[in-house]
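Read off the chains here:
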Amino acid sequence: MTQAKELQPLKVLYRRSAMTSVAATTHGTWMVFFVGTEDGQLIKLSVDQNHRGTCPTVLYRSADDRKAFPGMRLDRADGKHVYAAFDDQVLRVPASTCRTRRTREDCWSAQDPSCVWCHSKKSCTFKDECQNSHWFSFPDDYQKKRISYTVQRHNSGQIRLDVRTHVSADQNARDTFACQFSRRSGELCSREGPFPTFPQCTCVLLNGTLSAEGTSAAVKVRLGPTVFTERIKLTTCSDIRGSPTAALCRRCVETGCGWSEDGCSWATAGATNDGVCETTTTRPTNVSKPEIYSISPGAVSFYGHNRAVLLGSNLGHVTGVRIQIDEDCAPRESPVWNNTGVSLEFHIPAIRGKGTVRACAVLPDGGCHGDAAIAYTSAPSCAAVTPSSTWSSGKRTITLAGSNLDAVDGVSHGHALQEVSLPADRSFRNLTYQTPAAASTRSVFSSDIYLKVANETLACWQSIAYHPDPQFTGFTATRRGDDVRVAVQKSADRLEMTVKEVSASGVYGGEEYPCVTEAKDAGDSADFFVCKIRSAPDVNFRQLKVFYGDKTVTLRNTSHPFALMWLVVLAIPCIVVAVALIYRRQQKQLTVKMNKRMENLELDIRNDIRQGFVDMQTEKANLLEKVGPIPFLDYKDFACRIFFPEVNGSGRRTGTRTRNAKRPTLQNEALTASCTAEARGRPKESVPALSELIRDRRFLTCAVHAAEEQKSFTVKDKCAMASLLTVALHGDLSYLTETTEELLKDLMRKNSTAQAKMLLRRTESVVEKLLTNWMSICLYGFLKESVGQHLFLLASALTQQIARGPVDRVTGKALYTLSEDWLLWQAQDFTSLRLKALFAAGGGGEVSEPLEAVALTCDTVEQAKEKILRTFEAKFGFPYNRPPMSVSIELERDGAFVALEEVDASSEAVGEVTMLNTLEHYKVPDGATIKVLSRKDPSASWKGEPTGGTSPDSARSQTAAARDGLGSHIYNGDTSGKYFHLIDPDVDENRGKNPERKKLKLKEVHLTKLLSTKVAVHSFVENLFGSVWGPSNRRAPLAVKYFFDFLDRQADEMKISDPDVLHIWKTNSFPLRFWVNILKNPQFVFDLDKSAHLDGCLSVTAQAFMDSFSLSDTQLGKHAPTNKLLYAKDVPKYKEEAKDYFRRIREQQPISRSDFYKFLDEESKKHQNDFNEAAALEELGRMIRRYVPQICEKLEQTGAPAQLREQLRRVQETSDGARKSRGAAADAF
């Protein structure tokens, strides 16, 4: 008898459990398989003649787990559809996804031998549907890329680049096959190479072409009308050295070199298939290989899952989780966060199909370690909901029945989709949750149920009825032995509440006794819930509390009404007499206390008012004794802060980062790049063409108008476009001026007469931002020479005036300010202290000569330290060599130095809020010696002995932890955090413990501080305003005269006879658009930090400046804002000066266009190398590419030459080609 022989497969093409049906066909040299699965999928697999399969394609996926029955058939009529039978239906499914592919590249990437890109139809379709046309498709064998290449070195020293294309095309296209090699600078190939023959072409590299850092090249392939370009990276193969890791192997193979055991070499001496990298063993490193223990959840729906948890060991260096969906297909990789070394979180991505996939942990070198399974299942579905109703206040427990419910993340209802209820319990078949509340209503309505799965919201196809809340009307209690039986009455309704949903407790003698619900008796008009109180002290419970959902209903005892009535009647006279006696006694005591408190309150207010008057009459503000040199920004930094204030306008260039600075985004980085003169490599090919295109005024105006008409083009986009245009055209300010004028004319024509006064008031268009930038460019010289010094002196004077009095460290409010919003009216009494500061010099304990600094008793430790460092900078003309956060101070006490900290073990706490330590807290005397020294460890805070009984180690840890929390609250402006300074927290505190801090403070009493601050800085404001409009004999800047004449001409052309309209145009375009922007933002002009408090004060002066140009006379009363009242008497004088200033400009000799353009040309030459125009053009090109169809339509409407539209399309094609090439090169690398 012949022994049975076990057959082995020639090759495993596709591995999957639970396949229920298979159909096969051929397509040219390809075999095509259609696989039906038990979980309701129809999968297509194409296999070439070498038995290599493409990535499986899911043609159909059922939402549930209905399996596909055997007997799948292809449609014999066209062969383009598959008939598949499921549980309750037969589906006709397209056999290919060709028609879903929108681009030529996407059509090739489908890896479907039946799909071709039809040139005449410009679509992806079946080959037999593309007749009498060129076509382009996937090749006859499986390939991952459209081209592959190798670099070989022959014995003669000649280096050859062999490129092979992996595409298929019609015969006529193949006959015209050609390749073109290029690089950014110079030629790449010699003329000795062989003639290209489809599908291969060769380039003999010129000597010196390859470099150690690599050479970027482009290969342009032409097949008839089809042209595509691929970017490749070339390098000397022997220069790829290092530890033989899989990552180094892939880098070697992807650059066309060969890999062997000896490392990377020319393609003739090693393997060029990336499969060799899978067998490359990585030498041991210091990084331990991660291991995966589990992934939770292990089963998800095909929508994926957010915040999955991976448990394992050695996870500290893991950068991502790689999910391999199918063999030989590109894996999906998810980033990780909350990595603790033994656990991490990541998102499980959504996929098209179902089944089990493998997951591994990715290290920085590209290696992937560990192995775990994730099962993708069908989507969750609902079959039933119990109970089917709920009450309007919500929180009723609902049970959903269905399948795959363990994949549900939350449940929401149709009337409150944003409110997601988390499942209380869930399994494959059941899920419980609590219903959300509905608006209080007496009507009944139905609300649909939705399931939240990952990032999807799925309809449950079930609904739940909302009824009014149940009405519990009363209860009766009866004694049963030691227990009390309670019957709770409820009005009849349709809620069908169960015993488990109702609980109760009886109230007797101030205590609650639980009542266990045992039964329910349903009637026509009322329902009764019966509960039992065990070992009850008495049957006569006064109250019964009934609980359902999260609601509590309190019921009064309705038994024995007559006895209770007689008891109340007898008790009333006694109660009335007792209350009258107690009330009379307490009234007398209260009257005495109130009179005493009113006397104290009156005395406190009288003292505060007198002290305010004394301060106004006696204080001498010696401001600006030393300010040092004025830190003007150079022109480039000034212009960039004006152009891109949200990116470059946050504050000082040097030192630490601004506290409230935002993280840079990709767009912000692109905008910042335009403000640097450093080139970032060779400009893109589209940049010169775009530069030429925007210098056509008709194109530029059409592009601006077309973009502005789109709803997606936001105000932020408009400002960015205007500033990018300013940078790109900065070398030709004359053309920029002409374009701005043209756009302004269009804006004036667009506004009706009724809206004429609103022109240029806000920045809501590109031209309004252009005007701001143009004014800033033209007036920089005038600003620096005439106004800048006075603006800096005003900002410095305000800063010093604010620091003269108490400043709350947490909120930034101060006693001396111009803004009522920043007034510290809660300040307590304080005195000045003169401190002798010693600075550490050298490492041997030497100190400098004492430096006298002034601080306040209410200053925190950090505020005192900042004042000492500012005194150091004012005396020596340069800042201390350490930033404030790296400096600590110590107080000399009894011959030893004690460290001063804002928070330590001795800090006073009010409730859970801690008060920052002040100099008064440490009892620092006048004339005390303070030592300033560098902190070796910024996180350490104790350099001397602790001030209390706490051990030094515990004190250090407490203080360091406190500082971490303190910094986050103070620097983020969180006034409701864990710390306070001068403004008491909103918590209860014993008034007798600190009566000084609890005195009544009235904000209106301290409004005199606004006036004293205004008087202190008044001369600086006068000088600043006077420098803007200047003396009567000074001429206005050329740009101002030129632009005002332009506005006069436009008013004449538009026949605007109202002089107020013209005045408003000039006010909006010059004082408001330029000067107010500068007055409120001195950091645009100087290298300084502007605090939020200083911004509030500058806003008051800017408002007074703007009021000077107003045509209306505002009548101010006692309810007028203080920022208006402060300068109410000064504004009329300023108005006369502003009116005279406008008159002098109008009477000034007109400037000719040629003379003004000469001035603009000189400005362009001064700063011709300050900006990166190429970077600005690149970002501008990205904006324009978003609206190419709209711009073309606008050009056509305006009758622009067709040449402009063609030029724009060439720019777009060049940019798209370059972007795709970069993407392909990045994928290849």
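Now for a quick tour of the structure. (Residues numbered from 1 in each chain as written. Predicted model: local features only at pLDDT ≥ 70, side-chain atom pairs only at ≥ 80, totals over all residues. Heavy atoms only, no water.)

The subject of this paragraph is the packing of aromatic side chains. Each aromatic ring pair is characterised by the separation of its centres together with the angle its planes make. Per the stated rule, a full pass over the model turns up 39 aromatic pairs. Ring geometry for phenylalanine 177 and phenylalanine 198: centres 5.4 Å apart, planes at 80°, overall edge-to-face. Taken together, the residues phenylalanine 177 in the loop between helix 2 (171-175) and strand 14 (178-183) and phenylalanine 198 in the loop between strand 14 and strand 15 (200-204) connect sequence positions 21 residues apart. Its relative accessible area of 24% is what places phenylalanine 198 among the partly exposed residues. Grouping aromatic residues by their ring pairs yields a cluster made of Phe782, Phe1025, Trp1029, Phe1044, Phe1070, Phe1074, Trp1075, Phe1105, Phe1109, Tyr1134, Tyr1141 and Phe1142. Here the guanidinium or amino end of arginine 804 rests over the ring plane of tyrosine 816, the centre of that ring lying 5.0 Å away. One Lys or Arg, lysine 931, reaches over the ring of phenylalanine 897 and ends 4.3 Å from the middle of that ring. (Phe/Tyr/Trp six-rings, centres within 6.5 Å; stacked < 30°, edge-to-face > 60°. Helix = DSSP H or I, 4+ residues; strand = E, 2+ residues; numbered from the N terminus. Buried < 20%, exposed > 50% of the residue type's maximum accessible area, 1.4 Å probe, protein only. Lys NZ or Arg CZ within 6 Å of the ring centre and 35° of its normal.)

This part is about helix 16 (residues 1038-1053). Taking 1.5 Å as the rise per residue, helix 16 with 16 residues should run 22 Å; its terminal C-alpha atoms sit 23 Å apart, in good agreement. The complete set of buried residues in helix 16 reads Ala1039, Val1040, Lys1041, Tyr1042, Phe1043, Phe1044, Asp1045, Phe1046, Leu1047, Gln1050 and Ala1051. On its buried face, helix 16 sits against helix 11 (733-750), helix 12 (766-803), helix 17 (1059-1080), helix 20 (1131-1147) and helix 21 (1153-1166). Just past helix 16, the residue lysine 1055 takes up positive phi, approximately 55°. (Expected span 1.5 Å × (residues − 1). Contact = heavy atoms within 4.5 Å.)

Here the focus is the state of the cysteines. In a disulfide, the sulfur atoms of two cysteines are covalently bonded to one another. By the definition in use, this model includes 10 disulfides. Covalent S-S linkage joins cysteine 118 and cysteine 130, the inter-sulfur distance amounting to 2.2 Å. Taking the torsion about the sulfur-sulfur bond, which here is approximately 80°, the covalent link between cysteine 118 and cysteine 130 counts as right-handed. Of this pair, cysteine 118 sits in strand 8 (residues 115-118) while cysteine 130 sits in the loop between strand 9 (123-126) and strand 10 (135-137), and the two are 12 residues apart along the sequence. One disulfide in the model links cysteine 252 with cysteine 264; its S-S distance is 2.1 Å. Judged by the torsion about the S-S bond (85°), the cysteine 252/cysteine 264 disulfide is right-handed. With cysteine 252 in helix 3 (residues 246-254) and cysteine 264 in strand 19 (residues 263-265), the pair connects residues that are 12 residues apart, well separated along the chain. Like cysteine 264, cysteine 252 is buried. (Disulfide = S-S within 2.5 Å.)

As a further point, take the pattern of salt bridges. All chains considered together, the criterion is met by 43 salt bridges. The salt bridge partner of aspartate 112 is lysine 44, with a shortest N-O separation of 2.8 Å. In this pair, aspartate 112 is assigned in the loop between helix 1 (104-109) and strand 8 and lysine 44 in strand 3 (residues 41-47), connecting sequence segments 68 residues apart. In terms of burial, aspartate 112 and lysine 44 fall into one category: buried. Residues arginine 101 and aspartate 106 are paired through a salt bridge, measuring 3.2 Å at the closest nitrogen-oxygen approach. Several salt bridges converge on common partners, so that one network encompasses Lys80, Arg99, Asp128 and Glu129. (Salt bridge = Lys/Arg side-chain N within 4 Å of Asp/Glu carboxyl O.)

Interhelical geometry of helix 15 (residues 1008-1029) versus helix 20 gives an angle of 15° and a closest axis separation of 10 Å. Judged on the interaxial angle alone, helix 20 and helix 15 are roughly parallel. Between helix 15 and helix 20 the crossing geometry is right-handed. In contact with His1018, Val1021, Glu1022, Phe1025, Val1028 and Trp1029 of helix 15, helix 20 contributes Lys1133, Tyr1134, Glu1137, Ala1138, Tyr1141 and Arg1144. For the contact of helix 15 with helix 20, the residue count by class is 7 nonpolar, 1 polar and 4 charged. (Axes fitted to C-alpha atoms, helices over the stretch in contact; angles between N-to-C directions. Parallel < 35°, antiparallel > 145°, perpendicular 65-115°, else oblique. Left-handed = near helix turned anticlockwise from the far one by under 90°. Nonpolar A, V, L, I, M, F, W, Y, C, P; charged D, E, K, R; others polar.)

On to the environment of glycine 270, then. Within the secondary structure, glycine 270 sits in the loop between strand 19 and strand 20 (291-296). When its relative accessible area of 24% is taken as the criterion, glycine 270 is described as partly exposed. Taking the C-alpha atoms as reference, glycine 270 lies 5.1 Å from serine 260; in sequence the two are 10 residues apart. Aside from chain neighbours lying at most four places away, what touches glycine 270 is Gly258, Trp259 and Ser265.

For the rest of this paragraph, the subject is the pairing of strand 31 (residues 410-413). The alternating pattern of strand 31 places Gly410 and Ser412 on one face and Val411 and His413 on the opposite face, and all of these are buried. In the sheet, strand 31 pairs with strand 35 (residues 445-453) via 4 bridges, with the strands oriented antiparallel. Within strand 35, the position partnered with valine 411 by the bridge is leucine 451. Pairing between strand 31 and strand 32 (residues 416-421): 2 bridges, direction antiparallel. Bridging across to strand 32, valine 411 finds its partner in serine 421. Joining the antiparallel neighbours strand 31 and strand 32 is a turn of 2 residues. (Pairing = 2+ DSSP bridges.)

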